[in-house]
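Spelled out from the first residue to the last, the chains are:
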Number of protein chains: 2
Amino acid sequence: MDETAPQKGTVTQRAMEHIKAMIAEGRLEPGQRLPTERDLAAQLGLSRSSMREAIRALTVLGVLEARHGSGIYVTQLEAGDLLETFGVVADLSRGPRLVELLEVRRILESTATALAAARIGADQLAEVEKHLTAMNATDDPEEILAHDLAFHREIAAAAGNDTMAAILEGLSSRTFRARVWRGYEEEGAFDRTRREHAAIHRALVAHDPEAARAAAAAHVGEVEEWLRTQLGA
Amino acid sequence: MDETAPQKGTVTQRAMEHIKAMIAEGRLEPGQRLPTERDLAAQLGLSRSSMREAIRALTVLGVLEARHGSGIYVTQLEAGDLLETFGVVADLSRGPRLVELLEVRRILESTATALAAARIGADQLAEVEKHLTAMNATDDPEEILAHDLAFHREIAAAAGNDTMAAILEGLSSRTFRARVWRGYEEEGAFDRTRREHAAIHRALVAHDPEAARAAAAAHVGEVEEWLRTQLGA
DNA sequence: AAGCGGTAGTGGTCCGACCACTCTGCTGGC
DNA sequence: GCCAGCAGAGTGGTCGGACCACTACCGCTT
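Residues numbered from 1 in each chain as written. Chains lettered and ligands numbered in written order. Predicted model: local features only at pLDDT ≥ 70, side-chain atom pairs only at ≥ 80, totals over all residues. Heavy atoms only, no water.

*Asks:* Could you clarify how one ought to interpret the overall build of chain A in this entry?
*Replies:* A tally of regular secondary structure across chain A gives 12 helices and 2 strands. Starting at the N terminus and ending at the C terminus, chain A contains elements arranged as α-α-α-β-β-α-α-α-α-α-α-α-α-α. Whereas a compact globule of 233 residues would reach a radius of gyration of roughly 17 Å, chain A reaches 22 Å, over 25% beyond that. Counting only C-alpha atoms and orienting by the principal axes, one finds that chain A spans roughly 65 × 45 × 35 Å. Here chain A, with 233 residues, has 50% of them falling under the buried criterion. In chain A, the proportion of contacts linking residues at least 24 apart, taken out of those at least 6 apart, comes to 72%. (Helix = DSSP H or I, 4+ residues; strand = E, 2+ residues; numbered from the N terminus. Rg over C-alpha atoms; globule rule 2.2 N^0.38 Å. Buried < 20%, exposed > 50% of the residue type's maximum accessible area, 1.4 Å probe, protein only. Contact = heavy atoms within 4.5 Å.)

Structure (structure tokens):
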């Protein structure tokens, strides 16, 4: 029998696996409060320093949430919580991988938009329109970008798949778009973007999934192609 | 002027942002070695403990790699490195979100298989066939699962989009599949799985993207539907 | 009963020490 | 001259303790 653990990897990694296992097995429920760092460290037989590293790591992964002065809690483990780190990928990617990311986004966004066309209700449609008009009413690039993001976010939410929406959120992270679109929009692509957004909106109003899919794919594909040529030059 | 940093968030978070920024700005190249923990802590004006938490967090995210006794290095920042954490999402998801994950996988896998049908070469096709025959030649569930994973992994690789392949890898993580497929395969779905894999293979041989897309979508969709009914019961 | 202040307890930070491992360069024998 | 082996310095990994910043709760005052 092994009284002591099998000594695989660092103690911090073992602690992370232990906590993850407790959650996976249902011994820790979403929202539940964990024992204190000091108690946890004592239970697993390691120092508070190492335990803190494990907790910090799980915090950035969106599994745990630490509240200063209160305690450590399991997050709701919703798609948004766990997929927040997806944005890091987008932020640190350069060159060819940006095209790959846009390709993934084109596939998911077109499908999400098609689903949204079939399912979207009046309330959500009103929200989409709000951002569409606000986007067309200003010339401030920052504001345009914000409404552009919200426009697609509303559509993704209307698709009814939170996981997909969270992934798309990461693929459209603010810094990512700012980096890619800066050059794109400078080439006078504002008008084209407006036309494409209008086409997507029309398809949503008509509840026409195929038209929505095509419009969204073309919308992302335009940027994708532009970026491809930029890199090839 | 601010001689000291603007004091936003914890010092550990600031350290993480600092290192990420250094990589994003190109001051740190993939594969490059970082200063020692002690030096980094001194440079950013914080303790080694806090710096270690930041490093550990970035290590978990796949951005850094710590080699005991040698130093800390920036990873190659490839899709596989950064998207490894995607598996955590799959491992900790339950109930309705499993269906959502399968839906995302169906969309990406069908597209990846379609791309593979158009692009796959003789060598990769041989690899796919190897796993297909090996999968049909045994009754050991563990071995079947391993070849099943490799089968789809080869196809994803042949699609030519490393980012998409890395995401699919996370969505097909061993524990995820083991959890879902255990029940599915127990209902005598082995034969159906074999037929579906054969259909995918035929489409690849024929270099028929649309047939490949349909076959892959049906393949994942079968499991998706089964899981949906399981949850509804 | 409501407001308020104090206090115990929590996570956040820092320090210093030691351990385990890697790499390098020197030493010794062949 | 060359190579195996050893020893040292340097690195990340772990530990224990101390103190700070903040939160929550309890009891006191009004």
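*Asks:* Before we go on, may I ask you to explain the layout of surface pockets in this structure?
*Replies:* A water-sized probe rolled over the atoms picks out the places where empty space is left. Here the largest pocket defines a volume of roughly 1200 Å³. Lining of the largest pocket is provided by 48 residues; of these, Gln 13 of chain A together with Arg 56, Thr 59, Val 60 and Leu 64 of chain B occupy positions nearest its centre. In terms of residue count, the dominant contributor to the lining of the largest pocket is helix 3 (residues 48–60) of chain B (6 residues). Considered as a void within the structure, the second largest pocket measures approximately 1000 Å³ in volume. Around the second largest pocket, the lining is made up of 34 residues, and of these Arg 56, Thr 59 and Ala 66 of chain A together with Thr 10 and Gln 13 of chain B lie nearest the centre. (1 Å grid on protein atoms, 1.4 Å probe; cavity = no way out; pocket = protein on both sides within 12 Å on 5 of 7 lines; lining within 4 Å. Points joined across faces, edges and corners; volume = space filled by probe spheres on them.)

*Asks:* Just checking my understanding: could you explain the relation of the copies chain A and chain B for this structure?
*Replies:* Both copies of the chain are related by a screw-like operation: a rotation about an axis and a shift along it. Rotating chain A by 180° and moving it 0.0 Å along the rotation axis overlays it on chain B with an RMSD of 0.1 Å. Put plainly, the chains are arranged around a two-fold axis. The residues that chain A uses at the interface reappear at the interface of chain B in 100% of cases, marking a shared surface. (Least-squares fit on C-alpha atoms with pLDDT ≥ 70 in both.)

*Asks:* Where do I start with the protein's contact with DNA strand D in this structure?
*Replies:* What surrounds DNA strand D is a group of 26 residues, the closest being Val 11, Ser 47 and His 68 of chain A together with Arg 48 and Arg 52 of chain B. Here the atoms of DNA strand D within 4 Å of the protein split so that 61% fall in sugar or phosphate, with bases taking the remainder. For DNA strand D, a phosphate oxygen lies 3.1 Å from a polar atom in the backbone of Ser 47 of chain A. In the model, a phosphate oxygen of DNA strand D is placed 3.1 Å from a nitrogen or oxygen of the Glu 37 of chain B main chain. Where the surface near DNA strand D is concerned, the elements lending two or more residues are helix 1 (11–24) and helix 3 (48–60) of chain A together with helix 2 (37–44), helix 3, strand 1 (64–67) and strand 2 (71–74) of chain B. Partitioned by chemical class, the residues of the surface near DNA strand D number 4 nonpolar, 13 polar and 9 charged. (Near = heavy atom within 4 Å. Polar contact = N/O pair within 3.5 Å; in protein donor to acceptor, adjacent residues only side chain to side chain. Nonpolar A, V, L, I, M, F, W, Y, C, P; charged D, E, K, R; others polar.)

*Asks:* What's the story with the packing of helix 2 of chain B against helix 3 of chain B in this structure? I'm lost.
*Replies:* Pairs of packed helices are described in terms of their axes, by the angle between the two and the distance that separates them. Residue and element names in this part refer to chain B. Here helix 2 crosses helix 3 at 105°, and the two axes come no closer than 9 Å. Relative to helix 3, the element helix 2 is oriented roughly perpendicular. Seen from helix 2, the contacting residues are Glu 37, Arg 38, Leu 40, Ala 41 and Leu 44; seen from helix 3, they are Arg 48, Met 51, Arg 52 and Ile 55. Per-class residue counts for the contact of helix 2 with helix 3 are 5 nonpolar, no polar and 4 charged. (Axes fitted to C-alpha atoms, helices over the stretch in contact; angles between N-to-C directions. Parallel < 35°, antiparallel > 145°, perpendicular 65-115°, else oblique.)

*Asks:* Would you mind going over the side chain of Thr 111 of chain B with me for this structure?
*Replies:* Tracing the sequence through the fold places Thr 111 of chain B in helix 6 (residues 96–119). Given a relative accessible area of 10%, Thr 111 of chain B falls into the buried group. Residues contacting Thr 111 of chain B, with those up to four places away along its chain left out, are Ile 107 of chain A together with Arg 213 of chain B.

*Asks:* Help me understand the UniProt feature "domain: HTH gntR-type" (unreviewed entry) in chain A, please; the structure alone is not making it clear to me.
*Replies:* UniProt feature "domain: HTH gntR-type" (unreviewed entry): in the numbering of this structure it lies at residues 9–77 of chain A. Within the segment residues 9–77 of chain A, helix and strand shares are 51% and 12% respectively, and the terminal C-alpha atoms sit 26 Å apart. (UniProt positions renumbered as here; feature names shortened; annotations may be inferred.)

*Asks:* Can you walk me through the interface of chain A and chain B in this structure?
*Replies:* Interfaces are often described in size by the accessible area the parts lose on coming together. Between chain A and chain B, the residue contacts involve 43 residues of the former and 43 residues of the latter. Among the residues of chain A in contact with chain B, Glu 53, Arg 56 and Leu 92 of chain A are the three that bury the most area, contributing 17% of the side total. One can count 4 salt bridges joining chain A with chain B. With a shortest N-O distance of 2.8 Å, Glu 53 of chain A and Arg 52 of chain B are connected by a salt bridge. (Buried area = accessible area lost by both parts, 1.4 Å probe. Salt bridge = Lys/Arg side-chain N within 4 Å of Asp/Glu carboxyl O.)

*Asks:* Mind showing me how you'd approach the protein's contact with DNA strand C here?
*Replies:* Surveying the vicinity of DNA strand C reveals 25 residues, the closest of which are Arg 48 and Arg 52 of chain A together with Val 11, Ser 49 and His 68 of chain B. Near-protein atoms of DNA strand C (within 4 Å) split between backbone and bases, with sugar and phosphate holding 61%. A distance of 3.1 Å separates a phosphate oxygen of DNA strand C from a polar backbone atom of Glu 37 of chain A. Counting only elements with at least two residues in the surface near DNA strand C, the list comes to helix 2 (37–44), helix 3, strand 1 (64–67) and strand 2 (71–74) of chain A together with helix 1 (11–24) and helix 3 of chain B. Looking at the surface near DNA strand C, its residues break down into 4 nonpolar, 12 polar and 9 charged.

*Asks:* Would you explain the confidence of the model for chain A in this entry?
*Replies:* Reading predicted coordinates in detail is not appropriate for stretches of low pLDDT. Per-residue confidence for chain A gives a mean pLDDT of 92; residues scoring 70 or more make up 97%. Segment residues 1–5 of chain A is flagged for pLDDT under 50; beyond a separation of four residues in sequence, or across chains, it makes 1 contact in the model. (pLDDT = per-residue confidence, 0-100.)

*Asks:* Could you clarify how one ought to interpret the domain arrangement of chain A in this entry?
*Replies:* For chain A, the domain assignment lists domain 1 (11–77) and domain 2 (82–232). Placing the centre of domain 1 of chain A and that of domain 2 of chain A at their C-alpha centroids yields a distance of 36 Å. (Domains from an automatic or database assignment.)

*Asks:* What is the right way to read the side chain of Thr 138 of chain B from this model?
*Replies:* By the secondary structure assignment, Thr 138 of chain B is in the loop between helix 7 (122–136) and helix 8 (141–158). A relative accessible area of 13% places Thr 138 of chain B in the buried class.

*Asks:* What should I look at first to understand helix 12 (residues 209–232) of chain B in this one?
*Replies:* Residues lying three or four places apart along an α-helix face the same way, a consequence of the helix completing one turn every 3.6 residues. All names here are of chain B. Across its 24 residues, helix 12 extends 34 Å between first and last C-alpha, which sits within 8% of the 34 Å expected from 1.5 Å per residue. Looking at helix 12, one finds that the buried residues are Ala 212, Ala 215, Ala 216, His 219, Val 220, Gly 221, Val 223, Glu 224, Trp 226 and Leu 227. Buried positions along helix 12 lie against helix 6, helix 8, helix 10 (174–186) and helix 11 (190–205). The N-capping residue of helix 12, defined by a side-chain oxygen 3.3 Å from the backbone nitrogen of Glu 210, is Asp 208. (Expected span 1.5 Å × (residues − 1).)

*Asks:* Explain the nonpolar core here, please?
*Replies:* Generally speaking, soluble globular proteins have nonpolar side chains that are buried together. Ranked by internal contacts, the top residues of the largest apolar core, which has 109 residues, are Val 63 and Leu 64 of chain A together with Val 63 and Leu 64 of chain B. Per element, the largest residue contribution to this core is 9 residues, and it comes from helix 6 of chain B. Dropping the residues within four chain positions of it, Leu 64 of chain A is found in contact with Ile 19, Ile 23, Leu 34, Ile 55, Leu 58, Thr 59, Ile 72, Tyr 73, Val 74 and Thr 75 of chain A. (Core = buried A, V, L, I, M, F, W, Y, C linked by side-chain atoms within 4.5 Å.)

*Asks:* In this structure, what is going on with the pairing of strand 1 of chain A? I would like to understand it.
*Replies:* Looking down a regular strand, the side chains alternate between one sheet face and the other. Residues and elements named next belong to chain A. Here strand 1 runs beside strand 2; their pairing, made up of 4 bridges, is antiparallel. Its bridge partner lying in strand 2, Glu 65 is registered against Tyr 73. As consecutive antiparallel partners, strand 1 and strand 2 are separated by 3 residues, and within that stretch Gly 69 has a phi angle of approximately 85°, a positive value. (Pairing = 2+ DSSP bridges.)

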